[in-house]
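Chain by chain, the residues run as shown.
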Amino acid sequence: MPDLYAVFGHPVAHSKSPRIHAEFAAQTGQALHYEARLVPLPGFVDAVRQFVTEGGRGANVTVPFKEEAFRLCESPGNTLTPRARQAGAVNTLKFSPQGGILGDNTDGAGLVRDMETNLGFSLAGRRILLLGAGGAARGVLTPLLERQPSQLTIANRTAAKAKTLATAFAPLAACPLSGAGLEDLVGQAFDVLINATAASLENAALPLPAEIFAPGCLAYDLMYGKGETPFLRQARHTGAAHLADGLGMLVEQAAEAFLLWRGLRPDTHALLHRLRVEQTAG
Ligand code: ATR
């Protein structure tokens, strides 16, 4: 019997994770079965318990259950990795044979790996702008700070939320870390601009001054899909040198979860290339 894994979400039918993990398993010769599980709202904890009784070894957690997964792993008998604790959210669960659950968050590591390894864009010494102050922004902050940027600014439609997030993460920052409103960005410029807002989901553009895209910058949208996101369109119109959507982050966070479960890091290069070709073909 192959080892059992799943992704829990609502909705989950369009998740690429079963395909990604099936390809990783084939590539590394690991005997595992990975499936998508639609979890009713509410019903997350029951779905996890049921999966464990079926012999589940590990799971990914997606929208809208990452915070609930965090609370589950905070409870007695379970464990959180330091990066999941800092993120306040869990996207990867590992079930131990003794009954405990380990909660990890591989999203930020996936983003950083995509930027640095796949796109060849080193973050050390760069001026980073993180747009958004919700769960997605919080989830990637620690790994970004660990790359030693020269500054990190969090900017959000609701400035107070950006300021609160900056204050909460200040003890982890070796560089200036500040929170601001989008209107405060006038006259500033950044080398790496990351859209972690939900605006692209609504197909909405953010009110961003053109000068924030410094020459040679990387504009990265955590969102991915068929067409160009409004944020990447804005970036392209200002002449931003490098544009990327979140497909690479998706594949890299999966590779990081696979490493946690199986002790092997799969090669992501060929799979990412194939997914890109399919994305472009629509
Ligand atoms: P997630 O878990 O995806 O981060 P979230 O916690 O609801 O979701 O956070 C959504 C983020 O997107 C917030 O930073 C939100 O800004 P506010 O804090 O001002 O609400 C931002 N956001 C969503 N829609 C937006 C839009 N149309 N324009 C600008 N920011 C938007």
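Bear in mind that the values here come from a model prediction, so they are computed numbers and not experimental data.

About the cut-offs
Residues numbered from 1 in each chain as written. Predicted model: local features only at pLDDT ≥ 70, side-chain atom pairs only at ≥ 80, totals over all residues. Heavy atoms only, no water. Domains from an automatic or database assignment. Buried area = accessible area lost by both parts, 1.4 Å probe. Salt bridge = Lys/Arg side-chain N within 4 Å of Asp/Glu carboxyl O. Polar contact = N/O pair within 3.5 Å; in protein donor to acceptor, adjacent residues only side chain to side chain. Near = heavy atom within 4 Å. Areas by Shrake-Rupley, 256 points an atom, 1.4 Å probe, with all protein chains shown as cover. 1 Å grid on protein atoms, 1.4 Å probe; cavity = no way out; pocket = protein on both sides within 12 Å on 5 of 7 lines; lining within 4 Å. Sits in = over half its atoms within 2 Å of the grid points. Nonpolar A, V, L, I, M, F, W, Y, C, P; charged D, E, K, R; others polar. Helix = DSSP H or I, 4+ residues; strand = E, 2+ residues; numbered from the N terminus. Expected span 1.5 Å × (residues − 1). Buried < 20%, exposed > 50% of the residue type's maximum accessible area, 1.4 Å probe, protein only. Points joined across faces, edges and corners; volume = space filled by probe spheres on them. Pairing = 2+ DSSP bridges. Axes fitted to C-alpha atoms, helices over the stretch in contact; angles between N-to-C directions. Contact = heavy atoms within 4.5 Å. Phe/Tyr/Trp six-rings, centres within 6.5 Å; stacked < 30°, edge-to-face > 60°.

### Focus on the domain arrangement of the protein chain
Next up, step 1: Here the protein chain is partitioned into domain 1 (3-105 + 248-281) and domain 2 (108-245).
Next up, step 2: Summarising the inter-unit geometry, the C-alpha centres of domain 1 and domain 2 are found 25 Å apart.
Next up, step 3: Of the roughly 1,400 Å² buried between domain 1 and domain 2 on both sides combined, carbon and sulfur atoms contribute 51%.
Next up, step 4: Of all residues in domain 1, the largest losses of buried area upon contact with domain 2 belong to Gln 86, Met 249 and Gln 279, amounting jointly to 40% of the total for that side.
Next up, step 5: Ionic pairing is found between Arg 113 and Glu 252, a salt bridge with its closest N-O pair at 3.6 Å.
Next up, step 6: In this structure, the connection of domain 1 to domain 2 is made through seven residue pairs in polar contact (both at pLDDT 80 or more).

### Brief notes about the site of the ligand
Next up, step 1: The environment of the ligand is formed by 14 residues, the closest being Asn 156, Arg 157, Thr 158, Lys 161 and Ala 198.
Next up, step 2: Between the ligand and Gly 135 there is a distance of 3.1 Å, counted from an oxygen atom to a backbone nitrogen or oxygen.
Next up, step 3: Take Ala 136: an N or O atom from its main chain is 2.9 Å from an oxygen atom of the ligand.
Next up, step 4: Relative to its unbound accessible surface of 640 Å², the ligand loses 72% to contact with the protein.
Next up, step 5: When atoms are counted within 2 Å of each cavity's grid points, the one that captures over half of the ligand is the largest pocket.
Next up, step 6: Looking at side-chain class alone, the shell around the ligand contains five nonpolar, six polar and three charged residues.

### Observations regarding helix 9 (residues 247-262)
Next up, step 1: Taking 1.5 Å per residue, 16 residues should reach 22 Å; helix 9 reaches 22 Å between its end C-alpha atoms and fits that length.
Next up, step 2: Most of helix 9 sits out of view: 14 of its 16 residues are buried.
Next up, step 3: Count one or two residues on from helix 9 and you reach Gly 263, which has phi positive near 75 degrees.

### Focus on the side chain of Asn 78
Next up, step 1: Examined against the element boundaries, Asn 78 turns out to sit in the loop between helix 3 (66-74) and strand 4 (79-80).
Next up, step 2: Polar contacts involving the side chain of Asn 78 include one to the main-chain carbonyl oxygen of Leu 72, which spans 2.9 Å.

### Focus on empty space enclosed by the protein
Next up, step 1: Enumeration according to the criterion identifies one cavity of 30 Å³ or more in this entry.
Next up, step 2: Estimated volume of the largest cavity: approximately 40 Å³.
Next up, step 3: What lines the largest cavity is Arg 83, Gln 86, Ala 87, Asn 105, Gly 108, Ala 109, Arg 138, Gly 139, Thr 142 and Pro 143.
Next up, step 4: Among the secondary structure elements, those contributing two or more residues to the lining of the largest cavity are helix 4 (82-87), helix 5 (107-118) and helix 6 (135-146).

### Focus on the sheet that holds strand 12 (residues 242-244)
Within a sheet, adjacent strands bond to each other through the backbone by hydrogen bonds, running parallel or antiparallel.
Next up, step 1: Spatially, six strands are ordered 9-8-7-10-11-12 in an open sheet, and the strand pairing comes out parallel. Of all strands in the sheet, those with a lone pairing partner are strand 9 (177-181) and strand 12, marking the two edges. Between one strand and the next, the sheet's axes are offset by a mean angle of 20 degrees, whatever the strand orientation.
Next up, step 2: Bridge count for strand 7 (residues 127-131) against strand 8 (residues 151-156) is five bridges, and the pairing is parallel. Each bridged residue has a counterpart across the sheet, and for Leu 130 the counterpart in strand 8 is Ile 154.
Next up, step 3: Packed onto the sheet, helix 7 (residues 159-169) meets strand 8 and strand 9 and runs at close to 175 degrees relative to strand 9.

### Observations regarding the pattern of salt bridges
Next up, step 1: Evaluated as defined, the whole model comprises 17 salt bridges.
Next up, step 2: Here Arg 236 makes a salt bridge to Glu 228, at a shortest N to O gap of 2.7 Å.
Next up, step 3: Classification of Glu 228 by relative accessible area gives partly exposed; the value is 30%.
Next up, step 4: When salt bridges that share partners are traced, they join Arg 19, Glu 23, Arg 274 and Glu 278 into one network.

### Observations regarding the packing of aromatic side chains
Next up, step 1: Scanning all chains against the criterion turns up eight aromatic pairs.
Next up, step 2: With a centroid separation of 5.5 Å and 85 degrees between ring planes, the pair formed by Phe 8 and Phe 51 is classed as edge-to-face. Separated by 43 residues along the polypeptide, Phe 8 in strand 1 (residues 3-9) and Phe 51 in helix 2 (residues 44-53) bring together distant segments of the chain. Here the two residues Phe 8 and Phe 51 agree in accessibility, since each one is buried.

### Comments concerning unusual backbone geometry
Next up, step 1: In this model, Leu 41 is joined to Pro 42 through a cis peptide bond whose omega is -10 degrees.
Next up, step 2: Tracing the backbone through its elements, the reader meets Pro 42 in the loop between strand 2 (32-38) and helix 2.
Next up, step 3: Following Val 63, the chain continues into Pro 64 via a peptide bond in cis, with omega recorded as 5 degrees.
Next up, step 4: Phi is positive for Gln 148, which is not a glycine, with a value near 60 degrees.
Next up, step 5: As for its placement among the helices and strands, Gln 148 is situated in the loop between helix 6 and strand 8.

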